[in-house]
Amino acid sequence: MNKKFAFQASGYYCKNFDEVEYMHNQLICVNENGMIEKVFNEDDIEYKKTLFKYRDNNQLHVLKDDEIMLPGFVDLHIHAPQWAQSGTALDKPLEVWLDEYTFPLEARFKDLDFAKEVYEDVVDITLKNGTTTGVYFATVDREASVLLAKICGEKGQRGFVGKVAMDDPAGCPDYYKDFDGKSSITETENFIKDVLKLKDNYEQKVYPVITPRFIPSCTNESLEGLGKLAKKYDVHIQTHASESDWAHGFVKEKLGKNDVKALWEFGLMGEKSMVAHAPFLEDADLEIMIASKTTIAHCPLSNAYFANAVLPVKEFHSRGINIGLATDISGGYSPSIYHGIRQAVISSKMLQDGVNPRLDKKIRGRKNAAITLNNAFYLATVAGGKALGIPVGKLEKGYAFDVQIINTKENIPRFYKEKHPEDLLHKVLLLAQTGNIKDVWVQGRNTHE
Ligand SMILES: [Zn+2]
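Here the structure is a predicted model, which means the values were calculated and not measured.

Some words on the coordination of the zinc ion
Step number 1: All of the protein donors around the zinc ion are His-77 (NE2), His-79 (NE2), His-240 (NE2) and Asp-328 (OD); their distances to the metal are 2.0 to 2.8 Å.
Step number 2: Considering all 4 donor atoms around the zinc ion, the spread of angles at the metal, 82 to 166 degrees, places the coordination shape in the irregular class.
Step number 3: Written as a sequence motif, the donor arrangement for the zinc ion is H-x1-H-x160-H-x87-D. A residue pair is termed long-range when its members are at least 10 positions apart, and His-240 in strand β11 (residues 236–241) and Asp-328 in the loop between β14 (323–325) and α12 (337–353) qualify at 88 residues. Side by side, His-240 and Asp-328 carry an identical accessibility label, which is buried.

Next comes the structure, spelled out in structure tokens:
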């Protein structure tokens with residue numbers, strides 16, 4: 001168990017989708033369980049007294065003038081094994097990329113030494129980039145998937161980890177799949193039990209996630225059984241839905257309905273469910289998303305390569321769908337959610353203006369589609385916590401102390417005091433590099449130490 005401590009810090013977090021809270025020189029008190037138990041403003045009567053108390057007990061951290069505090073990021077969709085091939089073959093179509101690169105790579109993870117090497121590196125690099133919670137796809141292999149959960153736990157990252165279920169001989173290579181539908185269910189159940197045993201070994205906890213890869217690679221038997229497991233264990237669920245023209249069309253043809261409807265019928269949609277990508281959701285799909293309270297894991301970088309379309313974040317959000325942000329390693333090449341934030345804004349602006357200059361501006365784009373940096377910051381923090389049903393993403397009482405300490409001196413122009421406090425946040429979101437992230441705390445523990 002940790003000791004109590006306090007931080008005197010300036011920083012930012014999202015109050016809601018549009019608005020950011022600027023904290024000036026506040027005192028953030030963290031309890032033994034790594035939870036924020038109190039936040040004092042400078043003009044609170046107890047501010048000075050409390051600050052002196054922590055200082056005298058040697059429990060006070062004071063940020064430097066050129067440092068700020070931000071909430072840690074939640075990466076809602078990341079394929080841990082694919083880190084090994086990040087930056088490779090993104091010019092191929094999705095189905096070719098899967099068959100020629102991704103499946104052969106993932107099959108190597110039954111070798112636990114190889115798995116350990118890659119998994120340790122992906123957890124290190126995402127922590128270094130400010131990701132305090134990661135929602136991971138591992139591989140078909142159960143033991144290696146449990147190993148990933150352990151590595152997250154030990155390195156101090158809050159890991160939500162799934163053993164991938166894929167069993168359909170028509171949609172999987174024979175060298176890389178569950179033996180059959182039945183074994184995809186029993187292996188997933190054993191995985192859930194293994195991770196639940198580990199869960200409380202770590203202050204920040206690790207969690208099992210039911211992970212059918214996507215409908216093209218799963219039989220109905222498997223999907224039905226996984227839906228039952230979700231009910232039995234009340235755990236999170238993740239998969240892909242309506243990612244690209246090919247994937248969306250494939251499922252329509254295979255099952256005569258869209259991903260979302262099928263997933264819903266299999267019992268795989270709900271408050272604890274996350275579907276990645278989803279630009280091609282149709283009106284009936286959106287109704288199911290809203291009714292089931294399923295979250296979209298938005299993968300703007302990988303969508304730019306593979307999805308054939310831009311997710312209309314603003315429209316879907318305004319209809320009441322929760323949307324969090326994701327790197328989608330390695331469909332997205334960068335392990336940094338900062339890059340996700342930047343691409344989310346860029347893509348949305350291109351969606352709004354349109355991209356074909358030969359078209360008249362009246363028909364070139366899609367009205368009211370651009371999102372702001374504040375919106376993207378919200379997706380990366382508060383929306384991620386909401387998706388997982390855990391108190392992360394804000395610097396408020398009752399939230400886990402999951403934060404990143406940012407040095408604003410390097411790589412960021414600071415020739416004058418910014419006109420508005422938010423201007424500095426936006427500079428950081430757009431310009432910060434890995435080296436600007438000085439420390440990353442998860443549940444009250446500095447993971448950089
Ligand atoms: Zn994915």
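On we go from here.
A word on the packing of helix α3 (residues 112–128) against helix α4 (residues 142–155)
Step number 1: Relative to each other, α3 and α4 sit at 35 degrees, their axes nearing to 9 Å. The two elements α3 and α4 cross, and the hand of that crossing is right-handed. Listed contacts from α4 to Leu-112, Ala-115, Lys-116, Tyr-119, Glu-120, Val-123, Asp-124 and Leu-127 of α3 are Glu-143, Ala-144, Leu-147, Leu-148, Ile-151, Cys-152 and Lys-155.
Step number 2: For the contact of α3 with α4, the class distribution of residues is 10 nonpolar, no polar and 5 charged.

So, the environment of Lys-199
Step number 1: Mapped onto the secondary structure, Lys-199 falls in helix α5 (residues 181–199).
Step number 2: On the basis of relative accessible area, Lys-199 is assigned to the partly exposed category, the value being 21%.
Step number 3: Sequence-wise, Lys-199 and Phe-401 are 202 residues apart; in three dimensions their C-alpha atoms are separated by 19 Å.
Step number 4: Discounting residues that sit within four places of it in the chain, Lys-199 has contacts with Lys-205, Val-206 and Tyr-207.

A few points about the domain arrangement of the chain
Step number 1: When cut into domains, the chain gives domain 1 (5–71 + 394–446) and domain 2 (73–388).
Step number 2: In this structure, domain 1 and domain 2 have C-alpha centres spaced 30 Å apart.
Step number 3: Contact with domain 1, which involves 31 residues of that partner, is made by 26 residues of domain 2.
Step number 4: Of the roughly 2500 Å² buried at the junction of domain 1 and domain 2 (both faces included), carbon and sulfur atoms supply 62%.
Step number 5: Of the charged contacts in the structure, one is a salt bridge between Arg-158 and Asp-402, with a shortest N-O distance of 2.4 Å.

Quick look at the layout of surface pockets
Step number 1: Its volume calculated, the largest pocket comes out at about 420 Å³.
Step number 2: In this structure, the largest pocket is lined by 22 residues; those nearest its centre are Ser-10, Tyr-22, His-24, Asp-65 and Ile-68.
Step number 3: Within the residue set of the lining of the largest pocket, elements represented by two or more residues are β1 (5–14), β2 (20–30), β5 (67–71) and α16 (421–431).
Step number 4: Here the lining of the largest pocket gets 4 residues from one element, more than from any other, and that element is β1.
Step number 5: Considering only residue class, the lining of the largest pocket consists of 8 nonpolar, 6 polar and 8 charged.
Step number 6: Looking at the second largest pocket, its volume works out to about 270 Å³.
Step number 7: Around the second largest pocket sit 16 residues that line it, and Gly-227, Ala-230, Lys-231, Ile-237 and Gly-267 are the ones nearest its centre.
Step number 8: For the lining of the second largest pocket, a count of residues per class yields 5 nonpolar, 4 polar and 7 charged.

What counts, and at which threshold
Residues numbered from 1 in each chain as written. Predicted model: local features only at pLDDT ≥ 70, side-chain atom pairs only at ≥ 80, totals over all residues. Heavy atoms only, no water. Donors = N, O, S within 2.8 Å, 3.2 Å for Na, K, Ca; no water. Tetrahedral: all angles 85-135°; square planar, octahedral: opposite > 155°, others 65-115°. Helix = DSSP H or I, 4+ residues; strand = E, 2+ residues; numbered from the N terminus. Buried < 20%, exposed > 50% of the residue type's maximum accessible area, 1.4 Å probe, protein only. Axes fitted to C-alpha atoms, helices over the stretch in contact; angles between N-to-C directions. Left-handed = near helix turned anticlockwise from the far one by under 90°. Contact = heavy atoms within 4.5 Å. Nonpolar A, V, L, I, M, F, W, Y, C, P; charged D, E, K, R; others polar. Domains from an automatic or database assignment. Buried area = accessible area lost by both parts, 1.4 Å probe. Salt bridge = Lys/Arg side-chain N within 4 Å of Asp/Glu carboxyl O. 1 Å grid on protein atoms, 1.4 Å probe; cavity = no way out; pocket = protein on both sides within 12 Å on 5 of 7 lines; lining within 4 Å. Points joined across faces, edges and corners; volume = space filled by probe spheres on them.

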